[in-house]
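Observations on chain architecture
Okay, here's what each chain looks like letter by letter:
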Amino acid sequence: EKQRRADELRSQEVFMKRSTGIHQCTVCDWEFDEKKGDSFMIGGLVKPDTPFADLPSNYRCPTCRASKDQFQEVTETIPGFEVNQGYGLGTNSMTSGQKNLLVFGGLGAFFVLFLGGYALS
């Protein structure tokens, strides 16, 4: 019974993937950022804020000329149960890096505030 329950919970733990808006060429590792486009490159015609899906099918990597299907979407993994992502104060949908920044940034701010108390006396 205990093993069955553990297997059931393990199957529910689905790591949510969130798109970053970046697509990486698998041939040369050049990154297409939807926010920037490729107009900053020599000969680049894609304007900023153009979704990758809206690029023409004959789009090529500006550095190695690989075809559009050679690009892979870069995603962030958000750990935890997918059904719990909407709960809390927004911290359930944070990546592990964002949570670390929040925790250690809070500790750093407390430390500075604590030392500031000594400066007042």
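The structure we're discussing is the one just above.
Quick notes on the rules
- Residues numbered from 1 in each chain as written.
- Predicted model: local features only at pLDDT ≥ 70, side-chain atom pairs only at ≥ 80, totals over all residues.
- Heavy atoms only, no water.
- Disulfide = S-S within 2.5 Å.
- Phe/Tyr/Trp six-rings, centres within 6.5 Å; stacked < 30°, edge-to-face > 60°.
- Buried < 20%, exposed > 50% of the residue type's maximum accessible area, 1.4 Å probe, protein only.
- Helix = DSSP H or I, 4+ residues; strand = E, 2+ residues; numbered from the N terminus.
- Pairing = 2+ DSSP bridges.
- Axes fitted to C-alpha atoms, helices over the stretch in contact; angles between N-to-C directions.

Here we come to the state of the cysteines. Overall, the coordinates contain 0 disulfides when judged by the stated rule. Cysteine C61 remains unbridged, with the sulfur of C28 as its closest cysteine sulfur at 3.6 Å.

Moving on: the packing of aromatic side chains. Inspection of every chain in the model, using the stated rule, returns 8 aromatic pairs. Measuring from ring centre to ring centre gives 6.4 Å for W30 and F32, while their planes differ by 50°; the resulting arrangement is tilted. Side by side, W30 and F32 carry an identical accessibility label, which is buried. An angle of 50° between the planes, with centres 5.5 Å apart, marks the rings of F52 and F71 as tilted. In this pair, F52 is assigned in the loop between β2 (31–33) and β3 (71–78) and F71 in strand β3, connecting sequence segments 19 residues apart.

The backbone phi angle of D29 is positive, close to 70°, even though this residue is not glycine. In the Ramachandran plot, R65 falls in the positive-phi region, its phi being about 65° despite a non-glycine side chain.

Quick look at the pairing of strand β1 (residues 16–25) now. Where β1 meets β3, 8 bridges bridge the pair, whose relative direction is antiparallel. Bridging across to β3, K17 finds its partner in T77.

Okay, the sheet that holds β3 next. Strand order in the open sheet formed by 3 strands is β2-β1-β3, with antiparallel pairing between adjacent strands. Each having just a single partner strand, β2 and β3 make up the two edges of the open sheet. Mean inter-strand twist for the sheet, computed between neighbouring axes without regard to direction, equals 45°. Of the pairings in the sheet, the one linking β1 to β2 comprises 3 bridges and is antiparallel in character.

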